[in-house]
Amino acid sequence: MIQDYCKLRTPPSGHKPGDREPCYKSSLCAEHSGSCSWAALRRGVTSGTVGCCGSAFIARELPSSAGLRVPWCPAASCAGAVSRCRSILNAEGAASWVELCWEGLPSGSVARQGKAAGTMSRQANRGTESKKMSSELFTLTYGALVTQLCKDYENDEDVNKQLDKMGYNIGVRLIEDFLARSNVGRCHDFRETADVIAKVAFKMYLGITPSITNWSPAGDEFSLILENNPLVDFVELPDNHSSLIYSNLLCGVLRGALEMVQMAVEAKFVQDTLKGDGVTEIRMRFIRRIEDNLPAGEE
Amino acid sequence: MAVCVAVIAKENYPLYIRSIPTENELKFHYMVHTSLDVVDEKISAMGKALVDQRELYLGLLYPTEDYKVYGYVTNSKVKFVMVVDSSNTALRDNEIRSMFRKLHNSYTDVMCNPFYNPGDRIQSRAFDGMVTSMMIQVC
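Residues numbered from 1 in each chain as written. Chains lettered and ligands numbered in written order. Predicted model: local features only at pLDDT ≥ 70, side-chain atom pairs only at ≥ 80, totals over all residues. Heavy atoms only, no water.

1. A few points about the overall build of chain A
To keep it simple, the criterion reads: Helix numbers and strand numbers start at the N terminus; a helix is a DSSP run of H or I with at least 4 residues, a strand a run of E with at least 2. For every residue, the accessible area (1.4 Å probe, protein chains only) is compared with the maximum for its type, and the residue is labelled buried under 20%, exposed over 50%, or partly exposed between those bounds. Two residues form a contact once any of their heavy atoms are found within 4.5 Å. Surface accessibility follows the Shrake-Rupley procedure with a 1.4 Å probe radius. Residue values consider only the protein chains on display as shielding.
What chain A contains, in helices and strands, is seven helices and nine strands. In chain A, buried positions account for 39% of the 299 residues. Partitioning the contacts of chain A with sequence separation of at least 6, the portion at a separation of at least 24 is 46%. Accessible surface, chain A as shown: approximately 16,600 Å² in total, 53% of it carbon and sulfur.

2. Quick notes on the interface of chain B and chain A
Quick note on the threshold: Note on definitions: buried area is the accessible-area loss of two parts on being combined, 1.4 Å probe, summed for both. Definition used for salt bridges: Asp or Glu carboxyl oxygen within 4 Å of a side-chain nitrogen of Lys or Arg. Here the nonpolar group is Ala, Val, Leu, Ile, Met, Phe, Trp, Tyr, Cys and Pro; Asp, Glu, Lys and Arg are the charged ones; every other residue, Gly included, is treated as polar.
With eight residues of chain B at the interface, the matching set in chain A holds 15 residues. Regarding the contact of chain B and chain A, the summed buried area is about 970 Å², with carbon and sulfur atoms giving 61% of it. When the area that chain B buries against chain A is broken down by residue, the three leading residues are C112, P114 and F115 of chain B, summing to 60%. The interface formed by chain B and chain A holds zero salt bridges in total. Breaking the side of chain B that touches chain A down by element, the ones donating at least two residues are helix 3 (93-112) and helix 4 (125-137) of chain B. Partitioned by chemical class, the residues of the side of chain B that touches chain A number four nonpolar, two polar and two charged.

3. Quick look at the packing of aromatic side chains
For clarity, the cut-off: Paired rings are identified among Phe, Tyr and Trp, the last through its six-membered ring, by centres lying within 6.5 Å, and are further divided according to the angle between planes into stacked (under 30 degrees), edge-to-face (over 60) and tilted (the rest). Only when the NZ atom of a Lys or the CZ atom of an Arg is both within 6 Å of the ring centre and within 35 degrees of the ring normal do we say a charge sits over the ring.
Enumeration over the complete set of coordinates arrives at 13 aromatic pairs over all chains. With 6.4 Å between their ring centres and 50° between their planes, F178 of chain A and Y205 of chain A make a pair best called tilted. Of this pair, F178 of chain A sits in helix 5 (residues 156-182) while Y205 of chain A is found in helix 6 (residues 190-206), placing the two residues 27 residues apart along the sequence. For F178 of chain A, a relative accessible area of 8% gives the class buried. Given a relative accessible area of 30%, Y205 of chain A falls into the partly exposed group. A network of ring pairs unites the aromatic residues Y57, Y72, F80, F100 and Y107 of chain B as a single cluster. For the cation-ring pair, R191 of chain A lies above W215 of chain A, with the distance from its terminal atom to the ring centre recorded as 4.3 Å. Above the ring of F28 of chain B, the side-chain terminus of K27 of chain B is found at 5.4 Å from the ring centroid.

4. Thoughts on the side chain of N160 of chain A
Residue and element names in this part refer to chain A. Selection rule: Each polar contact in these results corresponds to two N or O atoms within 3.5 Å; when the atoms are within protein, one needs to be able to donate a hydrogen and the other to accept it, and residues that are neighboring in sequence are counted only if both atoms are side-chain atoms.
You can see N160 is positioned in helix 5. Judged by its relative accessible area of 4%, N160 is buried. A polar contact of 2.8 Å, which involves the side chain of N160, links it to the backbone nitrogen of I245. Not counting residues up to four positions away in its chain, the partners in contact with N160 are S243, L244, I245 and N248.

5. So, the confidence of the model for chain B
Spelled out, the test is: Residue-level confidence of the predictor is summarised by pLDDT, bounded by 0 at the bottom and 100 at the top.
When pLDDT is averaged along chain B, the result is 84; 89% of the residues meet or exceed 70. Under the prediction, the complex receives an ipTM of 0.80, its pTM being 0.63.

6. Side note on the layout of surface pockets
Residues and elements named next belong to chain A. Using the following cut-off: Think of a 1 Å grid over the protein atoms and nothing else: a 1.4 Å probe that fits but is trapped marks a cavity, an open set flanked by protein within 12 Å on at least five of seven lines marks a pocket, and residues with an atom within 4 Å of a point count as lining. Grid points are joined across faces, edges and corners, and a volume is the space filled by probe spheres set on the points.
Size it by volume and the largest pocket reaches roughly 1,500 Å³. Along its surface, the largest pocket is lined by 48 residues, and L174, A201, F202, M204 and Y205 are the ones closest to its centre. For the lining of the largest pocket, the secondary-structure elements that each account for two or more residues are helix 3 (119-129), helix 4 (135-153), helix 5, helix 6, helix 7 (248-260) and strand 9 (280-289). Top element by residues in the lining of the largest pocket is helix 6. It accounts for ten residues. Class assignment of the residues belonging to the lining of the largest pocket gives a composition of 31 nonpolar, ten polar and seven charged.

7. Notes on the pairing of strand 2 (residues 14-19) of chain B
All names here are of chain B. Stated precisely, the cut-off is as follows: A pair of strands is labelled paired if DSSP reports no fewer than 2 bridges between them.
Bridge count for strand 1 (residues 2-8) against strand 2 is five bridges, and the pairing is antiparallel. Residue pairing for strand 2: I8 is matched across the bridge by P14. Counted between consecutive antiparallel strands, the loop separating strand 1 from strand 2 contains five residues, among which N12 sits at a positive phi close to 70°.

8. Let's talk about the sheet that holds strand 4 (residues 67-73) of chain B
All names here are of chain B. Worth spelling out the cut-off: Throughout, an axis means a line fitted to C-alpha atoms (over the contacting stretch in the case of helices), and angles, computed between N-to-C directions, take values from 0 to 180 degrees.
Here five strands make up an open sheet; going across it, the order is 2-1-5-4-3 and the pairing antiparallel. Every other strand in the sheet has two partners, leaving strand 2 and strand 3 (57-63) as the edge strands with one partner each. Within the sheet, the average angular offset between the axes of one strand and its neighbour, ignoring direction, is 15°. Direction of pairing for strand 4 relative to strand 5 (residues 79-85): antiparallel, over a ladder of seven bridges. Bridge pairing links Y72 to F80 in strand 5. The sheet strands contacting helix 3 are strand 1, strand 2, strand 3, strand 4 and strand 5, and the helix crosses strand 5 at an angle near 140°.

9. Focus on the pattern of salt bridges
Charged atoms that come close allow side chains of opposite charge to pair. Residue and element names in this part refer to chain B. Scanning the entire structure with this criterion turns up nine salt bridges over all chains. With a closest N to O distance of 3.3 Å, D93 and R97 form a salt bridge. Of this pair, D93 and R97 both sit in helix 3, four residues apart, which is roughly one turn of that helix.

10. Let's talk about the sheet that holds strand 9 of chain A
Residue and element names in this part refer to chain A. If you trace the four strands from one edge of the open sheet to the other, you get 6-7-9-8, paired in antiparallel fashion. On the outer flanks of this sheet lie strand 6 (211-213) and strand 8 (263-271), each paired with one strand and no other. This sheet shows a mean twist of 30° between the axes of neighbouring strands, independent of strand direction. Two elements, strand 7 (residues 221-226) and strand 9, share six bridges in a ladder whose sense is antiparallel. Each residue of the ladder has a partner; that of L226, found in strand 9, is T280. Along the sheet, helix 6 makes contact with strand 6, strand 7, strand 8 and strand 9, crossing strand 7 at roughly 15°. With respect to the sheet, helix 7 is in contact with strand 7, strand 8 and strand 9, its orientation differing from that of strand 8 by roughly 165°.

Quick look at the structure:
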């Protein structure tokens, strides 16, 4: 039954259609009933200026909702129906929401529950929004860092050591963020660790998925092959820095992160595209399990 | 087919200049040097006009009996000068424009190299490779 407002619950008594009351019901609608975009849709209006974040809404049909048209916020920062667009939800600090994924339509529309509690919701937002940061800025920043180190130390070996140390410091902190965002469980053996590093960690932070090859017979060494390394876009090593390991920071990160989960490993570059090889290859070797820091009570 | 490609810095000194065949290099250096005057004239003629993509390309600077010289200036006043063989009449304006665009893209890649200091001569292998491909591509 078409009503003037879209509420899906009974209004309080005395309420008449057309009254300007907040449109109740849905977690999908938070606007005044008279101007509610859901109501407008039902009246046949397919677009209008009633918007959550100030944008005009447009009517979209969600494939998953069998013909139901929802008022959609076309703003770039928005990813949901007008009344509950992410901009509003973030501002309200919502703990859960229904995220309607617009990308990939018409075939890939997905309505999923964006369940998050407390600070995790902030992290989840950060996770999806950080994809939009410019990778060029990241590459240029890393390049500036390496060249400044070269000028300061003037000796390639020292620079390599410094990069490794810096990477180590990053790694011991990054592992916490990684474990919080990825929710992977404890790895049972080194092979699982290798898989997690390549498929989850590298994907999450650098957006690439290296492949794992060259397992040693004892199963304690493997190679990560990176076809393209985002740190070295545009970089060409000059001849006077031929022994510089430009991406040594990555080795330090791997070493530091794994040390925090009780694994002592060694990571080094065996092939580097900057030096003329076809791919970049990092050799990881498992040294031993770190047992010292179990608290006394657990033994 | 480009016989000479030059990249001139804002202060009018060459960052990169390469020509084939390599015998008469001095002649090409001289041609590029004289073309700088024409470039400056064209830039000042534009005055305060908004610089958009079209105006980065300056077009034919001047023709000689054997060669034609084309120019392109970036927003940072770095100039690209290209000398092509006059006998090669098949080269149309669009092709010259696309060659300049490729040059510009390679130049920005060189600039992004953290080991390159702006103002140095360009010694990048990738840039060399791209210029070589431009010089021998259309024969």
